[in-house]
Every structure is written in C-alpha cells, then in structure tokens.
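Listed below are the residues making up each chain.
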Amino acid sequence: VQLQASGGGLVQAGGSLRLSCRASGVVGRINDMGWGRQALGKQRELLADISRAGITNIADSVKGQFTISRDNAENTLFLQMNNLKPEDTGVYYCNADVLYLTDKIWGQGTLVTVSS
C-alpha cells in the first residue's frame, strides 16, 4: 500500500484547507486511516482517524476544528481544516492500518503553513 498526500499550502490565520490522501496498491487490506502532523522541532502527533465504516476519532487539540472523512470507493482520505492558526503549521502525514502489518504505513507529508 502506498499513500500520497496533497493539498497543503500557505494560508492566512482563520482560513481553511482540505487535505487529501490517495491510497494505491492492495487497498482492500486497509482498515483504519488517519492523519498526523509534525511541527518543526516537535514529535509527530496523531490528529484523527477513521474506520472503514466511518467511525471517527479526533484529538482534543483539533476537535471542532478539523474533520476527517474518507471515500472508500475512491480510496481517498480527507482532512478538512477550518479556522487555522499559526500553531497548526507543520507537515501533515496520512497513515493507514493495513491487514497483516504490525505498524501503520505513513505517506509522504504535505506542508501546511499558516501565517498570522
């Protein structure tokens, strides 16, 4: 399974962005998918995940601000980010739990920069 994230960019504080992550390969083995981010000099943090059935789990730090969704038919994961703040700046990564694999698979990141 490979994951390709896109949709990052430069946005002003208060703005919105929608990230996408397209999965390819043996997509039938993908279970939960999610998003994480890593700010400069900080550890990667998990932000949200969603099951194949659409059950979501959002970190308290972004609850009410970020929404995760997925389109199983298109093998695509989304992260809608609203009311962005400078502290939301970082590299955003998508991930997937894949059947038979112990660790999550992570895609390459997409950079989000929020200016004040």
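For the structure itself, look to the data block above.
Residues numbered from 1 in each chain as written. Predicted model: local features only at pLDDT ≥ 70, side-chain atom pairs only at ≥ 80, totals over all residues. Heavy atoms only, no water.

Caption draft 1: Unusual backbone geometry, seen in detail. Phi angles above zero are rare outside glycine, and N75 is one such case at about 55°. Residue placement: N75 occurs in the loop between β7 (66-71) and β8 (76-81). A relative accessible area of 26% places N75 in the partly exposed class. The backbone phi angle of N83 is positive, close to 50°, even though this residue is not glycine. (Helix = DSSP H or I, 4+ residues; strand = E, 2+ residues; numbered from the N terminus. Buried < 20%, exposed > 50% of the residue type's maximum accessible area, 1.4 Å probe, protein only.)

Caption draft 2: Structural context of the side chain of Q65. Within the fold, Q65 resides in the loop between β6 (56-58) and β7. Only 3.0 Å separates the side chain of Q65 from the backbone oxygen of N83, close enough to count as a polar contact. (Polar contact = N/O pair within 3.5 Å; in protein donor to acceptor, adjacent residues only side chain to side chain.)

Caption draft 3: Broad picture of the environment of R29. Residue placement: R29 occurs in the loop between β3 (17-24) and β4 (30-38). Classification of R29 as partly exposed rests on a relative accessible area of 38%. If we ignore the near neighbours within four places in the chain, the residues touching R29 are D97, V98, L99 and Y100. (Contact = heavy atoms within 4.5 Å.)

Caption draft 4: Representation of the nonpolar core within the structure. Core analysis: the largest hydrophobic core is formed by 30 residues, its most contacted members being W35, L79 and M81. When residues of this core are traced back to their parent elements, those giving at least two are β1 (2-6), β3, β4, β5 (45-50), β7, β8, β9 (90-98) and β11 (110-115). (Core = buried A, V, L, I, M, F, W, Y, C linked by side-chain atoms within 4.5 Å.)

Caption draft 5: Looking closely at the pattern of salt bridges. Summed over all chains, the structure comprises five salt bridges. Residues R22 and E74 are paired through a salt bridge, measuring 3.8 Å at the closest nitrogen-oxygen approach. With a gap of 52 residues between them, R22 in strand β3 and E74 in the loop between β7 and β8 connect regions that are remote in the sequence. What makes R22 partly exposed here is its relative accessible area of 45%. The partner of D88 in a salt bridge is R37, with the nearest N and O atoms 2.9 Å apart. Here R37 lies in strand β4 and D88 lies in the loop between β8 and β9, a separation of 51 residues in the sequence. For the pair shown, D88 and R37 are each scored as buried. Through salt bridges with shared partners, one network takes in R37, E45 and D88. (Salt bridge = Lys/Arg side-chain N within 4 Å of Asp/Glu carboxyl O.)

Caption draft 6: Seen up close, the sheet that holds β7. Read from one edge of the open sheet, four strands run β1-β3-β8-β7, paired in antiparallel fashion. For this open sheet the edge positions go to β1 and β7, each flanked by a neighbour on one side alone. Geometrically, the sheet is characterised by an average inter-axis angle of 15° between neighbouring strands, direction not taken into account. In terms of strand pairing, β7 meets β8 through six bridges, oriented antiparallel. Bridge pairing in β8 places D71 opposite T76. (Pairing = 2+ DSSP bridges. Axes fitted to C-alpha atoms, helices over the stretch in contact; angles between N-to-C directions.)

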